[in-house]
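Architecture and fold: a report
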Amino acid sequence: ESDLQLPSSMDALKKQALNCHLCELSKSRSHVVFGEGNEDAEILFVGEGPGATEDSTGHPFVGRAGEVLTNMIEKVLLIPRSEVYIANIVKCRPPNNRVPTATEAHTCLPYLHKQIESIKPKLIITLGATAYHYLTGDESRITQIRGTVQKRDTYTIIPTFHPSYLLRNPSAKKEAFIDMKLIKSLMRS
Ligand code: URA
């Protein structure tokens, strides 16, 4: 990971991210997708990286996968999407939606770590194998670790499937629903 010095306030951090040129992804992006939501959220969702709709708007999870994520939050957790925070491992779109390289992910991760430090979420929900892998360093298969409760010093990680995976594999929605019910049971009542 880079020893990049980053500001601690979310506003200053966002300003720096919007001007970031630390990796190749900055050359092809239209917008930096910093992340958005409640800066005091109890729950932080972490995706992989922006897709086409996110790149063109600057907002996370606003395309088809975003619709699935919004439904998971609003119809299963029963809270407004604006109550959580939503971010990604990489803040700029990888060309053709390829998986971010290790260099891109490690270059961008300090922004996510500062977001976590600032928001202080109780629960971090990683969406898909890539988000889980780069947040934890663990390369386990998503089918092995989804729905597990992993306590860290200041937060608990619950990995689940990526919403795009659910669009391609509707039969996995059963397990995603179980994961969301688990998350609901761990939320402040
Ligand atoms: N997929 C992601 O991983 N992140 C987004 O923001 C949108 C789609």
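A brief structural summary. Position labels on residues start from 1 in each chain and follow its written sequence. Only residues with pLDDT of at least 70 get local features here, since the model is predicted, and only at 80 or more are side-chain atom pairs given and counted; chain-wide, interface and lining totals rely on the full set of residues. Calculation of side-chain values draws on the structure's entire complement of heavy atoms; hydrogens and water are dropped beforehand.

**So, the site of the ligand**
- If you check the shell around the ligand, you find Gly47, Glu48, Gly49, Glu54, Pro60, Phe61, Asn88 and His162 and nothing else.
- In the analysis that follows, any N or O atom pair within 3.5 Å is treated as a polar contact, provided that within protein one partner can donate a hydrogen and the other can accept it, and provided that, for residues neighboring in sequence, both atoms belong to side chains. Take Glu48: an N or O atom from its main chain is 2.8 Å from an oxygen atom of the ligand.
- Between an oxygen atom of the ligand and a main-chain N or O atom of Phe61, the distance comes to 3.1 Å.
- Starting from 240 Å² of accessible surface for the ligand in isolation, the protein chains cover 93%.
- For this classification, the nonpolar set comprises Ala, Val, Leu, Ile, Met, Phe, Trp, Tyr, Cys and Pro, the charged set comprises Asp, Glu, Lys and Arg, and every other residue, Gly included, is treated as polar. Per-class residue counts for the shell around the ligand are 2 nonpolar, 4 polar and 2 charged. When at least one non-hydrogen atom of a residue lies within 4 Å of a molecule or strand, that residue is treated as near it. Working definition of accessibility: Shrake-Rupley area with a 1.4 Å probe, residue cover restricted to the visible protein chains.

**What to know about the sheet that holds strand 3 (residues 85-88)**
- A sheet is described by the order of its strands in space; here 6 strands give the open sequence 1-3-2-4-6-5, paired in mixed fashion. The open sheet has two free edges, formed respectively by strand 1 (36-37) and strand 5 (150-151), since each of these has just one partner strand.
- Bridge count between strand 2 (residues 43-47) and strand 3: 4 bridges; the pairing is parallel. Bridge pairing in strand 3 links Gly47 to Asn88. The pairing criterion for strands is at least two bridges between them, as found by DSSP. The secondary structure listing takes helices from DSSP runs of H or I that are at least 4 residues long and strands from runs of E that are at least 2 residues long, numbered from the N terminus.

**Topic: the packing of helix 1 (residues 10-18) against helix 5 (residues 102-119)**
- Two elements in contact, helix 1 and helix 5, have axes whose closest approach is 10 Å; the angle formed by their N-to-C orientations is 165°. Compared by their axis directions, helix 1 and helix 5 come out roughly antiparallel. Here helix 1 runs over helix 5; the crossing is left-handed. Contact residues: Met10, Leu13, Gln16 and Ala17 in helix 1; Tyr111, Lys114, Gln115, Ser118 and Ile119 in helix 5. Angles run from 0 to 180 degrees between N-to-C directions of axes, and those axes are lines fitted to C-alpha atoms, restricted for helices to the stretch in contact. The labels follow the angle: roughly parallel below 35 degrees, roughly antiparallel above 145, roughly perpendicular from 65 to 115, and oblique for the rest. The handedness criterion is simple: a crossing whose near helix is rotated anticlockwise from the far helix by less than a right angle is left-handed, and one whose near helix is rotated clockwise is right-handed. Every residue pair with non-hydrogen atoms within 4.5 Å of one another is taken to be in contact.

**Things to note about unusual backbone geometry**
- Positioned with a positive phi, Leu78 is a non-glycine residue whose angle comes to about 60°.
- On the basis of relative accessible area, Leu78 is assigned to the exposed category, the value being 59%. Buried, partly exposed and exposed residues are distinguished by accessible area as a fraction of the type maximum, computed with a 1.4 Å probe on protein chains only: under 20%, between the cut-offs, and over 50%, respectively.

**Topic: the pairing of strand 3**
- Residues Tyr85 and Ala87 of strand 3 are buried on one face, and the alternating residues Ile86 and Asn88, pointing to the opposite face, are buried as well.
- When strand 1 meets strand 3, the two strands line up antiparallel, connected through 2 bridges. Bridging from a neighbouring strand, Gly37 pairs with Tyr85 of strand 3.

**Focus: the nonpolar core**
- Membership of the largest hydrophobic core comes to 56 residues, with the highest contact counts inside it found for Ile43, Phe45 and Ile89.
- Aside from chain neighbours lying at most four places away, what touches Ile89 is Val46, Gly47, Glu48, Ala105, Cys108, Leu109, Leu112, Ala131, Tyr134 and Leu135. Take the buried Ala, Val, Leu, Ile, Met, Phe, Trp, Tyr and Cys residues and link them wherever side-chain atoms come within 4.5 Å; each set so joined is a nonpolar core.

**Details of the pattern of salt bridges**
- Basic side-chain nitrogens of Lys or Arg form a salt bridge, by our definition, when they fall within 4 Å of a carboxyl oxygen of Asp or Glu. A complete count under the given rule lists 6 salt bridges for this structure.
- Here Lys27 and Glu24 are joined by a salt bridge, their closest N and O atoms 2.9 Å apart.
- The salt bridge involving Glu42 is made with Lys122; its shortest N-O contact spans 3.5 Å. One end of the pair, Glu42, is in the loop between strand 1 and strand 2; the other, Lys122, is in the loop between helix 5 and strand 4 (123-127), and 80 residues separate them in sequence.

**Let's talk about helix 1**
- Within helix 1 the residues assigned to the buried category are Met10, Leu13 and Ala17. Summarising the axial view, the buried residues of helix 1 lie within an arc of 65°, below the 170-degree limit, and thus occupy one face. Relative to its buried face, helix 1 has exposed residues pointing more than 90 degrees away, namely Asp11 and Lys15.
- Those residues of helix 1 that are buried lie in contact with strand 3 and helix 5. Arc, as used here, means the arc of the directions from the helix axis to the C-beta atoms.

**Considering the state of the cysteines**
- Disulfide: a pair of cysteine sulfur atoms within 2.5 Å of each other. Under the defined criterion, the tally for this structure stands at 0 disulfides.
- Cys23 provides the cysteine sulfur closest to Cys92, a residue in no disulfide bond, and the two sulfurs are 6.3 Å apart.
- Residue Cys108 stays outside any disulfide, its sulfur separated by 6.5 Å from that of Cys20, the closest cysteine.
- A residue is classified by how much of its surface remains accessible, and Cys108, at 11% relative accessible area, is buried.

**What to know about the side chain of Ser26**
- Topologically, Ser26 is positioned in helix 2 (residues 25-28).
- Relative accessible area serves as the criterion here: at 12%, Ser26 is assigned to the buried category.
- One polar contact links the side chain of Ser26 to the main-chain carbonyl oxygen of Cys23, over a distance of 2.7 Å.
- Not counting the four nearest positions on each side in its chain, Ser26 is found in contact with Cys20 and His21.

That's the geometry; what it means functionally is another story.
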